[in-house]
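One letter stands for each residue in the lines below.
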Amino acid sequence: MDTFLNACRSVIGATHVLTSAEDTAPYLTDWRRRYTGKACAVLKPADTQELAALVRLCNEHKVPMVPQGGNTGLVLGGIPDDSGKAVVLSLTRLNSIRHTDPVNNTITVEAGCILKNIQTAASDAGRLFPLSLAAEGSCTIGGNLSTNAGGTAVLRYGNTRELCLGLEVVTPQGDIWNGLRGLRKDNTGYDLRDLYIGAEGTLGLITAAVLKLFPQPKAQLTALAALRTPDDALRLLSLTQSYCVSSLTGFELMSGFCIKLVNQHFPSMRLPFAEEHAQYVLLELSDNESEEHAQAMLEHVISAALQQDLIQDAIVARSIAQSQAIWDFREHIPLAQAAEGKNIKHDVSIPISHIGDFIRTTDALLQHSFPGARMVTFGHLGDGNLHYNVAHPEQETDQSFLKKQTAVNRVVHDSVHQHGGSISAEHGIGALKRTEILRYKSDVEMQLMRSIKRALDPLNLMNPGKLL
Ligand SMILES: Cc1cc2nc3c(=O)[nH]c(=O)nc-3n(C[C@H](O)[C@H](O)[C@H](O)COP(=O)(O)OP(=O)(O)OC[C@H]3O[C@@H](n4cnc5c(N)ncnc54)[C@H](O)[C@@H]3O)c2cc1C
């Protein structure tokens with residue numbers, strides 16, 4: 001091991017080879033602090049060439065590699081196992097914006113760029129990079145690409161996959177593939193780019209990407225509607241889409257229980273409704289004409305929805321500050337549920353038309369098997385993506401309830417499967433769900449995925465034990 005580490009030091013400099021417990025600690029525990037792995041070192045190369053040289057050394061010494069960006073992933077994909085044999089390859093020093101091309105509407109960035117910095121660089125060039133999620137101040141674009149992250153603007157702009165035109169990749173053998181093409185049309189064979197996106201670092205290391213930019217909307221406006229059921233929320237979605245078409249950029253469902261939790265744990269945050277309601281929807285429009293135009297569209301939708309008795313009450317934000325306050329409320333739900341205690345999380349997607357039935361059926365199944373369980377249901381309804389989290393009954397501690405995690409997962413994931421959904425909508429599989437997917441993916445699908453992995457990484461050194 002000493003020979004290997006000394007060779008790494010000669011490639012990237014001793015200060016970028018971290019081995020002490022104190023230096024490596026932040027890279028070995030996951031964001032939610034559920035698991036701590038071990039590594040023989042954390043390696044922090046400065047550029048693609050240094051990274052490729054390290055990968056070649058890992059091949060020579062048969063050292064497993066765990067790629068890591070901002071370490072905000074939620075499925076233990078970027079954390080090594082506890083054998084201590086692997087190295088963590090941290091991409092955070094590859095953080096340059098290489099090129100911005102406002103005419104081609106593209107930006108070329110290195111994998112370790114923090115998402116927020118890419119949004120700012122796009123904005124400085126008079127453009128929008130629309131990927132947005134609560135971890136944007138810490139997560140890197142390499143991690144976003146490797147998990148095919150979703151976030152709050154998928155409805156209009158798609159997942160990270162839809163925002164990427166080209167990639168630069170270091171293969172598991174240490175070769176560099178330069179696929180940094182800013183092309184919107186390129187039918188010249190297998191789509192290697194799409195293979196690496198969402199691969200969770202199991203097929204190679206993403207070192208840079210060409211990303212799509214968009215015109216900046218003239219106005220962004222938010223409204224909040226109170227309603228009775230998720231089915232009414234779906235009707236409101238159809239109504240809004242038929243009227244606002246692609247201007248609708250956000251459509252978030254929040255159950256009344258989520259709102260109660262936010263009120264309870266953040267008493268200064270209040271929704272401006274006189275009464276409590278069973279469900280709430282946050283709508284966001286991005287308008288290319290003007291704020292007045294956006295306001296008129298939203299008011300038209302709200303008044304049509306009131307007339308059709310789809311919603312019981314609504315407010316339209318009158319300023320950016322009010323819009324931000326509504327989004328803040330939505331973003332405080334995960335914090336409020338954490339303050340209430342640990343809960344059993346599910347990041348699932350369902351065909352949008354089946355969501356009402358899924359929530360009704362699954363709530364009933366859980367109440368039958370785990371009386372008093374409290375569902376913290378919220379998410380990106382417009383994308384069919386729910387965070388369907390289950391909190392402990394009031395009379396039971398969270399620690400005791402967590403022991404039932406496998407049984408709760410089974411009820412929820414079986415129901416997702418029966419409704420034609422996916423057990424991981426946007427967070428990936430990592431080490432957390434790799435046995436769970438075996439239950440829901442066909443043998444053929446698993447064999448195809450294993451064949452790809454074997455072909456690209458025959459020594460199984462690239463993030464072993466993740467995804468497959
Ligand atoms: C508060 C919070 C909110 C979140 N909200 C959302 C959300 O709305 N939508 C959503 O989709 N996700 C969300 N996430 C999870 C999301 O997956 C991550 O935040 C983000 O996409 C991961 O980026 P990262 O740089 O932190 O990656 P890491 O956590 O470091 O790694 C994630 C995975 O990608 C691999 N990887 C990282 N970099 C590379 C690379 N350069 N090449 C190859 N493989 C690599 C790792 O091995 C690992 O498997 C949230 C997380 C948090 C903590």
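Scroll up to find the structure this text is about.
First things first, this report covers the structure right here in the doc. For clarity, every value in this text was computed on a predicted model and none was experimentally measured.

1. Here we look at the overall build of the protein
Part 1: Broken down by element type, the protein carries 17 helices and 18 strands.
Part 2: Taking 468 residues into account, the globule formula puts the C-alpha radius of gyration at 23 Å, and the protein, at 23 Å, falls close to it.
Part 3: Overall, the protein is about 70 × 55 × 45 Å in size when its C-alpha atoms are taken along their principal axes.
Part 4: Counting over 468 residues, the protein shows a buried share of 53%.
Part 5: Once local pairs closer than 6 in sequence are excluded, the contacts in the protein between residues at least 24 apart make up 72%.
Part 6: Of the roughly 20,300 Å² of accessible surface on the protein, 51% is carried by carbon and sulfur atoms.
Part 7: Positive and negative side-chain charges in the protein, numbering 42 and 49 respectively, have mean positions lying 5 Å apart.

2. Observations concerning the sheet that holds strand β3 (residues 65–68)
Part 1: Overall, mixed pairing links the four strands, which are arranged β1-β2-β4-β3 in an open sheet. Edge positions in the open sheet fall to β1 (17–18) and β3, since each of these has one partner strand only.
Part 2: When strand β2 (residues 41–43) meets strand β4 (residues 87–90), the two strands line up parallel, connected through three bridges. Looking across to β4, one finds that Val 42 is bridged to Val 88.

3. A look at the pattern of salt bridges
Part 1: The full count for this structure, using the stated rule, is 22 salt bridges.
Part 2: Note that Arg 161 is salt-bridged to Asp 194, the shortest N-O span being 3.5 Å. Of this pair, Arg 161 sits in the loop between α6 (154–157) and β8 (164–170) while Asp 194 is found in helix α7 (residues 192–196), placing the two residues 33 residues apart along the sequence.
Part 3: Judged by its relative accessible area of 26%, Arg 161 is partly exposed.
Part 4: For Glu 396, the salt bridge identified is with Lys 404, shortest N-O distance 2.8 Å.
Part 5: Take Glu 396: its relative accessible area is 17%, and that puts it in the buried class.

4. With respect to the site of the ligand
Part 1: For the ligand, the set of nearby residues contains 34 residues, the closest of which are Pro 67, Gly 69, Thr 72, Gly 73 and Thr 140.
Part 2: The separation between an oxygen atom of the ligand and a polar main-chain atom of Gly 77 is 3.2 Å.
Part 3: In this structure, Glu 426 approaches the ligand through a side-chain N or O atom, which is 3.1 Å from a nitrogen atom.
Part 4: Within the complex, 92% of the 970 Å² of free accessible area of the ligand lies under protein.
Part 5: Among the secondary structure elements, those contributing two or more residues to the shell around the ligand are β3, α5 (141–146) and β10 (205–212).

5. Quick notes on the side chain of His 413
Part 1: With respect to the element layout, His 413 can be found in helix α15 (residues 405–418).
Part 2: In this structure His 413 touches His 346, Val 348, Ile 423, Glu 436 and Tyr 440, once residues within four positions along its chain are discounted.

6. A word on the packing of aromatic side chains
Part 1: Within this structure, the stated rule accounts for five aromatic pairs.
Part 2: When the centroid spacing of 4.9 Å and the interplanar angle of 65° are considered together, the rings of Tyr 157 and Phe 214 count as edge-to-face. Remark: Phe 214 occurs in strand β11 (residues 214–215) and Tyr 157 occurs in helix α6; sequence separation between them is 57 residues.
Part 3: Among the residues examined, Phe 214 registers a relative accessible area of 16% and is labelled buried.
Part 4: Look at Phe 273 and Tyr 280: their rings are 5.9 Å apart centre to centre, the planes differ by 25°, and that puts the pair in the stacked class.

About the criteria used
Residues numbered from 1 in each chain as written. Predicted model: local features only at pLDDT ≥ 70, side-chain atom pairs only at ≥ 80, totals over all residues. Heavy atoms only, no water. Helix = DSSP H or I, 4+ residues; strand = E, 2+ residues; numbered from the N terminus. Rg over C-alpha atoms; globule rule 2.2 N^0.38 Å. Buried < 20%, exposed > 50% of the residue type's maximum accessible area, 1.4 Å probe, protein only. Contact = heavy atoms within 4.5 Å. Areas by Shrake-Rupley, 256 points an atom, 1.4 Å probe, with all protein chains shown as cover. Lys, Arg positive; Asp, Glu negative; His and termini not counted. Charge placed at Lys NZ, Arg CZ, Asp CG, Glu CD. Pairing = 2+ DSSP bridges. Salt bridge = Lys/Arg side-chain N within 4 Å of Asp/Glu carboxyl O. Near = heavy atom within 4 Å. Polar contact = N/O pair within 3.5 Å; in protein donor to acceptor, adjacent residues only side chain to side chain. Phe/Tyr/Trp six-rings, centres within 6.5 Å; stacked < 30°, edge-to-face > 60°.

The analysis is restricted to geometry; functional conclusions fall outside its scope.
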